[in-house]
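Close look at the chain arrangement
Residues per chain are reported as follows:
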Amino acid sequence: MARQASYDRDKVLKSAMDLFWAKGFHATSLKDLEQALDMRPGSIYAAFGSKEGLFAEALRLYSGQSQGGLSEVLAGGGSRLGALANYVRQLGGQNRGEVPSRACMLVKTILEMPDDDPSLRGLAEELIDRMELTLTEVLRAAQAEGELPAEADPARLAARLQTELIGLRAYAQRINTEDRVAQVAEDIARGIEALSWRAA
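Residues numbered from 1 in each chain as written. Predicted model: local features only at pLDDT ≥ 70, side-chain atom pairs only at ≥ 80, totals over all residues. Heavy atoms only, no water.

If you check an unreviewed UniProt entry, the chain appears there as Transcriptional regulator, TetR family from Celeribacter neptunius.

**Observations concerning unusual backbone geometry**
Leaving glycine out, the prevailing phi sign among residues is negative, and the prevailing peptide bond configuration is trans. Going by this rule: Secondary structure follows DSSP: runs of H or I at least 4 residues long count as helices, runs of E at least 2 residues long count as strands, and numbering of each begins at the N terminus.
The phi dihedral of D38 falls on the positive side, at around 55°, and the residue is not glycine. Position of D38 among the secondary structure elements: in the loop between α2 (30-37) and α3 (41-48). Phi at N176 takes a positive value of approximately 60°, unusual for a residue other than glycine. Note on placement: N176 falls in the loop between α8 (154-171) and α9 (178-193).

**Overview of the nonpolar core**
What counts here: Here the nonpolar core consists of buried residues drawn from Ala, Val, Leu, Ile, Met, Phe, Trp, Tyr and Cys, with membership extended through side-chain atoms lying within 4.5 Å. Type-normalised accessible area, obtained with a 1.4 Å probe on protein chains alone, sets the label of each residue: buried when under 20%, exposed when over 50%, and partly exposed for intermediate values. Should any heavy atoms of two residues lie within 4.5 Å, those residues are considered in contact.
Residues F20, L37, L54 and M105 are the most contacted members of the largest nonpolar core, which totals 32 residues. Going through the elements one at a time, α1 (9-23), α2, α3, α4 (51-74), α6 (105-112) and α7 (118-144) are the ones with two or more residues in this core. Here this core gets seven residues from one element, more than from any other, and that element is α1. Once residues within four sequence positions are removed from consideration, M105 is found in contact with M17, F20, W21, F55, A58, L59 and Y62. Core analysis: the second largest hydrophobic core is formed by 27 residues, L70, L139, A158 and I188 among them.

**Concerning α7**
An α-helical turn contains 3.6 residues, so a residue and the one three or four places further along point in the same direction. Put simply, the rule is: Expected helix span is computed as 1.5 Å times (number of residues minus one).
The terminal C-alpha atoms of α7 lie 38 Å apart, and with 27 residues this matches the ideal 39 Å at 1.5 Å per residue to within 8%. Looking at the residues trailing α7, positive phi occurs at G146, about 85°.

Set out below in structure tokens:
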């Protein structure tokens, strides 16, 4: 009979994600992981194969949560552009104490590992591309429903929105910027709403 794992994998991954998100891959030591996860090194390696394997799963969890947040807003129904705008407002209204870092974990990973670890950088790139594809699909659906004009380019608009969100979240890392971040998020959100020909 197989021996059952004596840890809560979901809880461990959430703790690992929070730690890596706050400190980055290289600055997170094995000792940090032991304390945060309440696991011995041997147990960590047995469960995830390596520190890199654990980090990769943490990246996937982070990406899944980001996608889930957007899906939740879209599930509310109504205008697709309105849902995207509200998603941006939610990001802008996020308090510093709510998350380990207000910057995007995927972008932080790319900046930390330009050449260091092609596999982890490649995974971060892939997950960013996946989010941009999701944004493209939402905008394409808005176009199909007549909310965006026919001449609009959903992929180009998604790339611009992705760039704005990355910039917003990088700016949010600064101290005492909560009010300004919320204002900028509102500007981005209104820009999304203004894409609709119905707003003209």
